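One-letter residues, chain by chain:
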Amino acid sequence: MAALHWNFSCEGCTITRDEYKAHGLEGSLEAPDWPPLMLAEVDALLRRYPHAAGAERLLSISPRPFSAASVVATPGGRVFVKRHHRSVRDRDELLEEHRLITFLGTRGEELVAPVLADADGGTVVTVDDWTYEVHALARGVDVYEQALSWTPFLSGGHARAAGQALARLHRAAEGYEASPRKAGQLVTSFTIFAGDSNYSSESKNSYRADPIARMDAYLKKRPLLAEYVEQRDWRTSFDELLIPLYEKLEPWLEYLRPLWTHNDFHASNLMWSGDREDAKVCAVIDFGLADRTNAIHDLATAIERNIVEWLRMDDPDAEIVHFDHLDALLTGYEEMSPLSYEEARALVAMLPLVHCEFALAETDYFLTILHSEEKAYLAYEGYFLAHAQWFQGIQGRRMLAHLERWAEKAVRKSAARVNAR
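**Topic: the sheet that holds strand β6 (residues 68-74)**
Taken together, 5 strands build an open sheet; the order of strands is β5-β6-β7-β9-β8 and the sheet is antiparallel. Two strands in the sheet have a free side with no partner beyond their single neighbour: β5 (57-58) and β8 (125-127). Helix-sheet contacts for helix α1 (residues 39-46) involve β5, β6, β7 (77-85), β8 and β9 (130-136), and the interaxial angle to β7 is about 105°. Along the sheet face, helix α2 (residues 91-105) touches β7, β8 and β9 and points at about 15° away from the line of β9.

**Here's the deal with α2**
In this model, α2 (15 residues) spans 21 Å end to end at C-alpha, consistent with the 21 Å of a helix rising 1.5 Å per residue. Listed as buried for α2 are Glu93, Leu94, Leu95, Glu96, Glu97, His98, Leu100, Ile101, Phe103 and Leu104. Buried residues along α2 sit in contact with β7, β9, α3 (156-173) and β10 (258-261). The N-capping residue of α2, defined by a side-chain oxygen 3.2 Å from the backbone nitrogen of Asp92, is Asp90.

**Examining the layout of surface pockets**
What the second largest pocket holds in volume is close to 640 Å³. As for the second largest pocket, its lining consists of 33 residues, of which Phe190, Thr191, Ala194, Arg214 and Arg292 are closest to the centre. Contributions of two or more residues to the lining of the second largest pocket are made by α4 (204-220), β13 (291-294) and α10 (356-368). The element contributing the most residues to the lining of the second largest pocket is β13, with 4 residues. Counted by class, the lining of the second largest pocket contains 13 nonpolar, 8 polar and 12 charged residues.

Reading the values: rules and limits
The residue count restarts for each chain, going from 1 along the sequence in the order it is written. With pLDDT at 70 or above as the cut-off, local features in this predicted model cover only qualifying residues; side-chain atom pairs require 80 or more to be listed or tallied, and sums for whole chains, interfaces and linings still use all residues. Calculation of side-chain values draws on the structure's entire complement of heavy atoms; hydrogens and water are dropped beforehand. Only strands that DSSP links by at least two bridges are regarded as paired with each other. A helix here means a DSSP run of H or I that spans at least four residues, while a strand means a run of E at least two residues long, and both kinds are numbered starting from the N terminus. Between two residues, a contact is recorded if the distance between any of their heavy atoms is within 4.5 Å. Angles run from 0 to 180 degrees between N-to-C directions of axes, and those axes are lines fitted to C-alpha atoms, restricted for helices to the stretch in contact. The span expected for a helix works out to 1.5 Å for each residue beyond the first. Three labels apply to residues, based on accessible area from a 1.4 Å probe with only protein chains included: buried if under 20% of the type maximum, exposed if over 50%, partly exposed otherwise in between. Counted as a polar contact is a pair of N or O atoms within 3.5 Å, where, for protein atoms, one must be capable of donating a hydrogen and the other of accepting one, and residues adjacent in sequence contribute only when both atoms are in side chains. Cavities and pockets were defined on a 1 Å grid built from protein atoms only: a cavity is a group of points that admits a 1.4 Å probe but offers it no way out, a pocket is an open group of points flanked by protein on both sides within 12 Å along at least five of seven lines, and a lining residue is one with an atom within 4 Å of any such point. Grid points are joined across faces, edges and corners, and a volume is the space filled by probe spheres set on the points. Here the term charged refers only to Asp, Glu, Lys and Arg, the term nonpolar to Ala, Val, Leu, Ile, Met, Phe, Trp, Tyr, Cys and Pro, and the term polar to all other amino acids, Gly among them.

Structure representation (structure tokens):
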């Protein structure tokens, strides 16, 4: 990628490329892959939007690495503007997200910020190599604005509120019947380990072959990723590490109903009523990874993103699992949407695998879009493989045992609900 040279004004200060930093893979701040939004650029864009009528000032600069985004002051009030390179999100791909957001906005939960339309009624603007989207400003305070994924909640109260909000979001998504997203960059799908209930009469060997066939299909759509993982003997990794994990998940897959889900439910993608222990979630933002998976997959993703401090996993003395937050997140979720015993068991088995397809998607992004072997290595070896391997270690086994005890309680709760009817 060519060197970038720019500067721009944000709240009255000038920021150069050397000064602006984005979130890196290992918890550090680093030079961004994409240039931030510039005031003149955003002003030209927002003159297309009757609600905004131009831009007066950039009020924030997002540190997220995969796009450029800012809160912008306009004559019509504040809006949120996001810019993508078309190789990452084209018009049709953004419209997939916008249709979901629009549906959720009709469901009465008031958890999403509307996508704004320009004077022609469109919600995506394309200029040269860039695609833009503009959203109304989400309700609430961005308490975790600078937080990375894999960093914990500020409190157990926040974890419980997040669980409640996730259950509300899942309830709002029921009835949205769009097809899964087409293969593209940076989407969290669930296909490789999704199984198929039609295979219930086949042999164990057929079960074992199924994820291999699905991985082959996944890779055929991503040629650089296919070449990369072939060099790393991915089939051996499946046989030794991932297939045994899948065999624990497979019996429970038939109990999981397809659902369009957020797939990046981290505290920094939530807007809050404040930072106190009793704060509530006012809105859910950033549906860029959304796809048709299932509620248990999304709940497992929320656990993976918020409960385990993966950035400290190389420290042998660090206790990186926040069990109190885990219990609070599950309590909050079940206060709104109690899980069946089968769903609870599926959650335990899903957790060591839930990261896999996004880790592969990140690896492909770094190879295909950024042409970075270094980042691809971190995504594949340090994320795709290492996170699954962690669950075989002491802390990972302890976490799964904790969840297994919780799941066994779920059968008693399910029985109690049945007896109460």
